[in-house]
Amino acid sequence: MFFSSKSDPIQIDGYQSYGSSNHLYLIGRALEHEGVDLKKTSFLSALKNAYKQFASDELRHTKLKVTLLDNRSFYTTTDAEGYFKIDEKVDGLGALANDEGWLQMVISFDDVQKGITVLGDNRFPIEMLIPAETASYGVISDIDDTILHTGVASLLKWRVIINTFFKNVGKRTSLEGAPELYRKLHGGKSGQDANPMFYVSNSPWNLYSYLESFVRNQKFPKGPILLRDLRSPFEKTPKPEKPHKQHEIRNILNAYPKLKFVLIGDSGEHDVDIYLEVAKEYPEQIIAVYLRSVKHKKKVLRVKSVLSQYETTPAVLVEKSSFAEEHARSIGLIS
């Protein structure tokens, strides 16, 4: 049973995840509703939304129930930060997915104390992607400065701060031609392949709704958005052996060992090192690497130098989406 001394309504944020026809993998967070409204476009609203996303009150050690379309149910309990995870072998999931491979479910609070208001009649949507049988390859893409103008290469990352905290999601812009390129990759050579899309970012889970809204508003193909936990400066547990993005990419590749992938990132941070290391580790699965050029001469020169010494997988530094589209067409990824 959930207990709370506050009067705020409670909710469950189900993050889009990925699994298989016999593997149920769901993640999300239970928390109090802070009144975040991403539809409001004013400067003040953007600032308030940013604050509320990071000042969320989690619901710890709370029991939740997931119900499939065939009425099978599974239970989980949130951790000390309100996050939950279901990771189980379950047969027959593929038959419940739609044509795009999305398995749609409902998650709810299993038991709620009287007097607590639950949003949405205690029915919250949660989805898991099962790559369609028609898929010819998958796409794993970075977000910051790859599909979303962020400014990670700016001095002291000041543009990242301004764009994240002072710009409403409705005013954020995608890089020119990126939505069209991603839709073509999603469709593949036939235009109907339903190739799975995965979005990986170093942004914290607090920004999930913000980034999911951006992907949807800009008409990028729908796909799991994989973010990271915020580490406290007082965190005593050791840091992961590999960077977050590299860890997530390897998880995806290991989940679908028979599926080939395209990696898309940018030249502003460490994508070139991470992606090429992954490509060397999984040479049979990585069929192309695209790195979008950012406006930072020194970083671009470094990436060009690294790519000039790399021959394992086609790896291209692209100035525009049209360059990547032309290359993808030349190697048979799109028509």
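Residues numbered from 1 in each chain as written. Predicted model: local features only at pLDDT ≥ 70, side-chain atom pairs only at ≥ 80, totals over all residues. Heavy atoms only, no water.

Structural notes on the overall build of the chain
Which entries qualify depends on this criterion: Helix and strand assignments come from DSSP, with helices taken as H or I runs of at least 4 residues and strands as E runs of at least 2, each series counted from the N terminus. Classification of residues uses two cut-offs on accessible area relative to the type maximum, computed with a 1.4 Å probe and protein chains only: under 20% is buried, over 50% is exposed, and between them is partly exposed. Contacts: residue pairs with any heavy atoms within 4.5 Å of one another. Residue exposure ignores everything except the shown protein chains as possible cover, and the areas themselves are Shrake-Rupley values with a 1.4 Å probe.
Helix and strand content of the chain: eight helices and 14 strands. The buried share among the 335 residues of the chain stands at 50%. Summarising the internal contacts of the chain: among those between residues at least 6 apart in sequence, 72% fall at separations of at least 24. Summed over all atoms, the accessible surface of the chain reaches about 16900 Å², with 51% contributed by carbon and sulfur.

What about the pattern of salt bridges?
Heads up, the condition is: The term salt bridge refers to a side-chain nitrogen of Lys or Arg lying within 4 Å of a carboxyl oxygen of Asp or Glu.
Going through the model one piece at a time under the given rule, you end up with 13 salt bridges. Across the salt bridge formed by E127 and K222, the nearest N and O atoms sit 2.7 Å from each other. Of this pair, E127 sits in strand β8 (residues 124-129) while K222 sits in the loop between α4 (208-217) and β11 (225-228), and the two are 95 residues apart along the sequence. Residue classification places E127 among the buried residues on the basis of a relative accessible area of 14%. We classify K222 as partly exposed; its relative accessible area is 35%. Through salt bridges with shared partners, a single network forms among R29, E58 and R60.

Quick word on helix α3 (residues 178-187)
Across the 10 residues of α3, seven count as buried, placing the element largely inside the fold. Within the span of α3, buried status applies to A178, P179, L181, Y182, L185, H186 and G187. Each element contacted by the buried residues of α3 is listed here: β9 (138-142), β10 (197-204), β12 (261-266), β13 (286-292) and α8 (321-330). Residue G188 follows α3 closely and has a positive phi angle near 70°.

Re empty space enclosed by the protein
Space left empty within the atom packing is revealed by a probe, the size of a water molecule, rolled over the atoms. This is how it is decided: Cavities and pockets are found on a 1 Å grid laid over the protein atoms alone: a cavity is a set of points where a 1.4 Å probe fits but cannot escape, a pocket is an open set with protein on both sides within 12 Å along at least five of seven lines, and a lining residue has an atom within 4 Å of such a point. Grid points are joined across faces, edges and corners, and a volume is the space filled by probe spheres set on the points. Classification convention: Asp, Glu, Lys, Arg as charged; Ala, Val, Leu, Ile, Met, Phe, Trp, Tyr, Cys, Pro as nonpolar; all other residues, Gly among them, as polar.
Evaluation of the coordinates by the stated rule reveals two cavities of 30 Å³ or more. Of the voids in this model, the largest cavity is the one considered here, and its volume is about 60 Å³. The wall of the largest cavity is formed by T146, L181, Y182, I264, Y290, L291, R292, V318, S321 and A324. Counting residues per element, the ones that place at least two in the lining of the largest cavity are α3, β13 and α8. Counting residues per element, the lining of the largest cavity draws most heavily on β13, which supplies three residues. When the residues that make up the lining of the largest cavity are grouped by side-chain class, the tally is seven nonpolar, two polar and one charged.

Quick look at the packing of α3 against α8
The line we're drawing: Angles here are taken between N-to-C directions and fall from 0 to 180 degrees, while the axes themselves are lines fitted to C-alpha atoms, restricted in helices to the stretch in contact. Convention used here: angles under 35 degrees read as roughly parallel, angles over 145 as roughly antiparallel, angles from 65 to 115 as roughly perpendicular, and any remaining angle as oblique. Two helices that cross are described as forming a left-handed crossing if the nearer one is turned anticlockwise from the farther one by less than a right angle, and a right-handed crossing if clockwise.
Running from N to C, α3 and α8 point in directions that differ by 15°, and their axes come no closer than 9 Å. Judged by the angle between their axes, α3 and α8 are roughly parallel. Every pair of crossing elements has a handedness; the one defined by α3 and α8 is left-handed. Taken together, the residues of α8 that come into contact with α3 (itself represented by A178, L181, K184 and L185) are S321, A324, E325, A328 and R329. Its residues assigned to classes, the contact of α3 with α8 comprises five nonpolar, one polar and three charged.

Some remarks on the environment of Y15
Within the element layout of this structure, Y15 appears in strand β1 (residues 10-15). Along the chain, Y15 and W205 lie 190 residues apart, while their C-alpha atoms are 9.2 Å from each other. If near-sequence neighbours (up to four positions away) are discounted, Y15 is found in contact with I27, G28, R29, Y83, I126, E127, W205 and Y208.

Describing the sheet that holds β9
Quick note on the threshold: Two strands are said to pair when DSSP picks up at least two bridges between them.
Sheet architecture is open: six strands sit in the order β11-β10-β9-β12-β13-β14, paired in parallel fashion. In the strand order of this sheet, the two ends are held by β11 and β14 (315-318), each with one partner. Between one strand and the next, the sheet's axes are offset by a mean angle of 20°, whatever the strand orientation. Here six bridges tie β12 to β13, and the two strands are oriented parallel to one another.

Here we look at the sheet that holds strand β7 (residues 102-109)
Taking strand neighbours across the sheet as the criterion, the five strands line up as β2-β8-β7-β4-β5 in an open arrangement whose pairing is mixed. Of all strands in the sheet, those bounded by a partner on one side alone are β2 (17-18) and β5 (73-77). As paired elements, β2 and β8 share two bridges and run parallel to each other. Bridging from a neighbouring strand, S17 pairs with M128 of β8.

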